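One-letter residues, chain by chain:
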Amino acid sequence: MSSILEWEENLFLAIKALYRRLVVSPRERHLAAVRAPLEPLRQELFLLARMVAGRPVAIIETTQRVLCDDEHLFLPTGFDAAPSVEANEELFRIKTLLGALALRNAGSARPLAPLRDRLSDWAAEFPGLCDRITRLETSLAGHDLWSLLGEPAIRSTNETGSIRPAEDREATDPEPDDDEITEIKGEGRAGVKSIEDPGEQPVEAEMPIHTFEKAETLEEANGIDRKTDEDDELKDHEEALRSLQMTQVMRSRERPRSIYRADLVIDGVHLEVGEGPPPEGIPYPEWDYKQRRHRPDWCYVRQTLARDADPVWAASTERQHRDLILDLKKKMASLATRLERRRTRPQGDDLDLDAVVRALVDQRAGQAPDERLYIERRRQRHDVSALILMDLSFSTDSWIDDARVLDTMRDTLFCTGEVLDEFIPDFAVAGFSSNTRRQCEFHLIKDFREQWAGSRARLGSLTARGYTRIGPALRHAQERLARESGERKIVFLLTDGRPCDYDRYEGEYGIRDVRKAIETGARHGIMTHAFAIERRAREQFPRMFKRQHYDVVPSPRALIASLCGAFARLRLET
């Protein structure tokens, strides 16, 4: 009996393999040949969407056939429905254009008609749009264009949903873990519901895993208990996770051993911490853009001085980057020795020819000439106070180009400090994290008056922790800079560009608060310049920082040169 079953099984497997070789594989090869991936087009499509919509737009990668909602444009990782790469790229552009037009009209009280019926409304503004769509429809043999594009999922209010990147691990304590944490990237998804774990109640003082920055539970809350041991089976379950239709996520305090990263649009999230006795720390306001006012004494910042140090790490980092540090020091030294030319001086080393000509003209005209006819050359005087603010949230525990973001930031600050110590000693270094508005941490690594040599080893003991509530950290940094005597004052912010916290600080709310904090600092003469390695920050940073006031570097290795270059530009400014 067993031999018969084995024979039937082998026959079935042989037929399956033959079918795959003769039918499936040629089709897969054809689809791969005509497929247009999203990633090379992402920046172009992002700029197109933002220009047409006339407001900030976020792109979510997902296989769901949805066009957009109130804030997000939904695009697949690739299109292969059309017969050529060029036609599939055109499919991306058409979907982006129509999605941006729908987003532009999202706030209208007019009921939304099906997408196909709204083309006539946009034909006058885009005369060639209908012809482009007709040609694209003709090329899509066997596929319905409007099904591929999807319909808008516009809601009546933005309160019901917000983007929360599932990119950060959370834990009940920030102690380092020697176990290896593995991760895979999942697809984005809209319409995800957030539910409470029935076996747990929120405890404000504890750090929940539910962060929407690093980890989400994978199973829906359907009564099935999921495995809670510490075995890492992510690779074994990768194929199943790829096909996971995530519709619900559950908040939990369990520390994850594996990370499933995905951009999720969560519906129905209104997580607020209750009132209670005033917490420890310095109170700061927070901007509520919907009410167009500050919430007074809303966030509490606790400043602590980092005392743990890792001299072994400092020595190793210095050896590893010795050549780079020496090169940067030479460049800064050349700036430090430059002479500043000040014109129209009563005395100096050279004649100011323009001033001499004006004096002769005045003399010929019968007027008393200006006697300030010289150019004075002198050393440029440094007068900069800077605070480098480093994101320590769990998002920095992710990897880019085989480098952990936190490690890159620590190396960057070490090399920058080695260079600045000789030329711009009046700088401070701090890290920040948060766990609700009532517990915003500001970890001072080097104070303004402190010697760099005695504080640099503290960078080696830093660990990722908590959330990314940027606003309170910026306001506290500005408060400290306001006490300094430098003529120019600046905050250098190193972050992934995604404001997030457990209690309603995600999406538009957090972005607007950061922007308001920067504007307030600018009115008091304090600039802010931001840096990020994460490429997607190009889509978030323009919504928070002004042009020329942020850098999105192409690789972790470029961050050091970019930060030192910003300090060099400060020296060149007059």
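Rules of the game
Residues numbered from 1 in each chain as written. Predicted model: local features only at pLDDT ≥ 70, side-chain atom pairs only at ≥ 80, totals over all residues. Heavy atoms only, no water. Pairing = 2+ DSSP bridges. Helix = DSSP H or I, 4+ residues; strand = E, 2+ residues; numbered from the N terminus. Axes fitted to C-alpha atoms, helices over the stretch in contact; angles between N-to-C directions. Buried < 20%, exposed > 50% of the residue type's maximum accessible area, 1.4 Å probe, protein only. Parallel < 35°, antiparallel > 145°, perpendicular 65-115°, else oblique. Left-handed = near helix turned anticlockwise from the far one by under 90°. Contact = heavy atoms within 4.5 Å. Nonpolar A, V, L, I, M, F, W, Y, C, P; charged D, E, K, R; others polar. Phe/Tyr/Trp six-rings, centres within 6.5 Å; stacked < 30°, edge-to-face > 60°. Lys NZ or Arg CZ within 6 Å of the ring centre and 35° of its normal. Expected span 1.5 Å × (residues − 1). Core = buried A, V, L, I, M, F, W, Y, C linked by side-chain atoms within 4.5 Å. pLDDT = per-residue confidence, 0-100. Arc of directions from axis to C-beta.

### Observations concerning the sheet that holds strand β18 (residues 427–434)
Strands sit in the order β10-β11-β19-β18-β15-β20-β21-β22 across an open sheet of eight strands; the sheet is mixed. Looking at the sheet topology across the chains shown, the edges are occupied by β10 (282–288) and β22 (550–552). Each neighbouring strand pair of the sheet contributes to a mean axis angle of 25°, computed without reference to strand direction. As paired strands, strand β21 (residues 526–532) and β22 are joined by three bridges and run parallel to one another. Bridged to Ala532 within β22 is Val552.

### Things to note about the side chain of Arg458
Mapped onto the elements of the fold, Arg458 is located in the loop between β19 (440–446) and α12 (470–482). With a relative accessible area of 11%, Arg458 lands in the buried category.

### As for the pairing of β18
Among the eight residues of β18, eight are classified as buried, and the element is accordingly described as predominantly covered. In this sheet, β18 lies alongside strand β15 (residues 384–391) in parallel orientation, the contact comprising six bridges. Within β18, the residue paired with Ala386 across the bridge is Phe427. Counting the residues that bridge the hairpin from β18 to β19 gives five residues, and of these Thr436 lies at a positive phi of roughly 80°.

### Observations regarding the packing of helix α2 (residues 42–53) against helix α3 (residues 85–104)
It is at 8 Å that the axes of α2 and α3 come closest, and there the two elements cross at 30°. By the angle class used here, α2 and α3 are roughly parallel. Relative to α3, α2 is oriented so that their crossing is right-handed. Side by side, α2 and α3 meet where Glu44, Leu45, Leu48, Ala49, Val52 and Ala53 of the first sit next to Phe92, Arg93, Thr96, Leu97, Ala100, Leu101, Leu103 and Arg104 of the second. Its residues assigned to classes, the contact of α2 with α3 comprises ten nonpolar, one polar and three charged.

### Details of unusual backbone geometry
Positive phi values are uncommon outside glycine, yet Asp297 reaches one of about 50°. When you line up the elements, Asp297 lands in strand β11 (residues 293–305). Although it is not a glycine, Thr436 sits at a positive phi angle of roughly 80°.

### Brief notes about the packing of aromatic side chains
Per the counting criterion, the structure on display carries seven aromatic pairs. Ring plane angle 40° and centroid distance 6.0 Å describe the contact between Phe492 and Phe531, whose orientation is recorded as tilted. Of this pair, Phe492 sits in strand β20 (residues 488–494) while Phe531 sits in strand β21, and the two are 39 residues apart along the sequence. Geometrically, the ring pair formed by Phe541 and Tyr550 is edge-to-face, given 5.8 Å between the ring centres and 85° between the ring planes. The exposure class assigned to Tyr550 is partly exposed, which follows from its relative accessible area of 24%. For the cation-ring pair, Arg295 lies above Trp298, with the distance from its terminal atom to the ring centre recorded as 4.4 Å. When the ring centre of Trp287 is taken as origin, the NZ or CZ atom of Lys516, which lies over that ring, is 4.2 Å away.

### As for the packing of α12 against helix α13 (residues 507–523)
The N-to-C vectors of α12 and α13 enclose an angle of 10°; their axes lie 8 Å apart at closest approach. When the interaxial angle is binned, α12 and α13 end up roughly parallel. For the pair α12 and α13, the contacting residues are Ile470, Gly471, Pro472, Leu474, Arg475 and Gln478 in the first and Asp513, Val514, Lys516, Ala517, Ile518 and Gly521 in the second. Partitioning the contact of α12 with α13 into residue classes produces six nonpolar, three polar and three charged.

### Focus on the side chain of Arg456
Relative to the assigned elements, Arg456 resides in the loop between β19 and α12. Discounting residues that sit within four places of it in the chain, Arg456 has contacts with Trp313, Glu318, Phe414 and Glu418.

### Quick notes on α13
Look at α13: 25 Å from first C-alpha to last across 17 residues, which is about the 24 Å you get at 1.5 Å a residue. If you check which residues of α13 are buried, you get Gly507, Glu508, Tyr509, Gly510, Ile511, Asp513, Val514, Lys516, Ala517, Ile518 and Gly521. Of the residues one or two after α13, Gly525 is the one with positive phi, at around 80°.

### With respect to the nonpolar core
Residues Ile388, Leu413, Leu459, Phe492 and Phe567 are the most contacted members of the largest nonpolar core, which totals 44 residues. Ranked by residues supplied to this core, first place goes to helix α11 (residues 405–423) with nine residues. Setting aside residues no more than four positions away along its own chain, Phe567 makes contact with Ala386, Ile388, Thr416, Leu420, Ile424 and Phe492. Counting 38 residues, the second largest nonpolar core, distinct from the first, contains Val57, Ala81, Ile94 and Leu98.

### Quick look at the confidence of the model for the protein chain
This prediction gives the protein chain a mean pLDDT of 75; 68% of its residues lie at or above 70. Looking at the elements of the protein chain, mean pLDDT is at its lowest for strand β5 (residues 161–166), recorded as 35, and at its highest for α12, recorded as 96. Counting interchain partners and residues more than four positions distant, the pLDDT-below-50 stretch residues 156–184 has 120 contacts. Low pLDDT, under 50, characterises residues 200–232; the predicted model gives this stretch 114 contacts beyond four residues in sequence or across chains.

### Description of helix α5 (residues 129–139)
Looking at α5, one finds that the buried residues are Leu129, Ile133 and Leu136. Considered in projection along α5, the buried side chains sweep an arc of 65° and stay on one side of the axis. Set apart from the buried face of α5 by more than 90 degrees, the exposed residues are Arg135 and Thr138. In this structure, the buried residues of α5 make contact with α3, α4 (119–123) and α6 (145–149).

### A few points about the environment of Cys68
With respect to the helices and strands, Cys68 occurs in the loop between β2 (58–61) and β3 (72–75). By relative accessible area, Cys68 is classed as buried at 0%. C-alpha separation for the pair Cys68 and Leu103, spaced 35 residues apart in sequence, amounts to 7.2 Å.

### Some remarks on the pairing of β3
Going residue by residue along β3, you find His72 and Phe74 tucked away on one face and Leu73 and Leu75 tucked away on the opposite face as well. Relative to β3, β2 runs parallel, the two being bridged by four bridges. Opposite Ala58, over in β3, you have His72 as the bridge partner.

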